Amino acid sequence: MARLLFPAQPSRGPIERQCPIRVVSVHLLGTAGQLLRVLFLDREGHISAQPHFVPRGEALILAANQQRVLGPQARVLVL
């Protein structure tokens, strides 16, 4: 007879199954809308060439603020 090693966990809703860590990317666009460069935001909001992991809540706030600052010359995504 099989024995469970871990107790059964209650099923979680779709929101709780989302990963709590995100990466914020900044896509700089040219005048015709073509992609020029992809950069990333760190937890303090500094732009860098390397991706940084950011908690989901902070990532959403950073992305919204950075999109307001850069306007139509960039597309800010939370991955």
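Analysis parameters
Residues numbered from 1 in each chain as written. Predicted model: local features only at pLDDT ≥ 70, side-chain atom pairs only at ≥ 80, totals over all residues. Heavy atoms only, no water. Core = buried A, V, L, I, M, F, W, Y, C linked by side-chain atoms within 4.5 Å. Buried < 20%, exposed > 50% of the residue type's maximum accessible area, 1.4 Å probe, protein only. Helix = DSSP H or I, 4+ residues; strand = E, 2+ residues; numbered from the N terminus. Contact = heavy atoms within 4.5 Å. Salt bridge = Lys/Arg side-chain N within 4 Å of Asp/Glu carboxyl O. Pairing = 2+ DSSP bridges.

A. Main features of the nonpolar core. The biggest cluster of nonpolar side chains holds 11 residues, and these are V24, V26, L39, L41, V54, A59, L62, A63, L70, A74 and V76. When residues in this core are grouped by element, the largest group, four residues, is from helix α1 (residues 56–70). The residues contacting A74, other than those within four sequence positions of it, are V26, H27, L28, L29 and Q67.

B. Structural detail: the pattern of salt bridges. Counted according to the given criterion, the structure contains one salt bridge. Its salt-bridge partner being R43, residue E58 comes within 2.9 Å of it at the nearest N-O pair. Here E58, found in helix α1, pairs with R43, found in the loop between β3 (35–41) and β4 (47–48); they are 15 residues apart in sequence, far enough to count as distant. According to the relative accessible area criterion, E58 is partly exposed, its value standing at 32%. R43 sits in the partly exposed class, given a relative accessible area of 47%.

C. Region of interest: the pairing of β3. Two elements, strand β2 (residues 24–29) and β3, share six bridges in a ladder whose sense is antiparallel. The partner of L28 across the bridge, within β3, is R37. With antiparallel pairing between neighbouring strands as the criterion, β2 and β3 make up a hairpin whose turn holds five residues, including G33 at a positive phi of roughly 90°. Of the pairings in the sheet, the one linking β3 to β4 comprises two bridges and is antiparallel in character. Bridged to L41 within β4 is I47. The loop that links β3 with its antiparallel partner β4 comprises five residues; one of these, G45, has a positive phi angle of about 95°.

Fair warning: the whole summary comes from geometry, so function is off the table for now.
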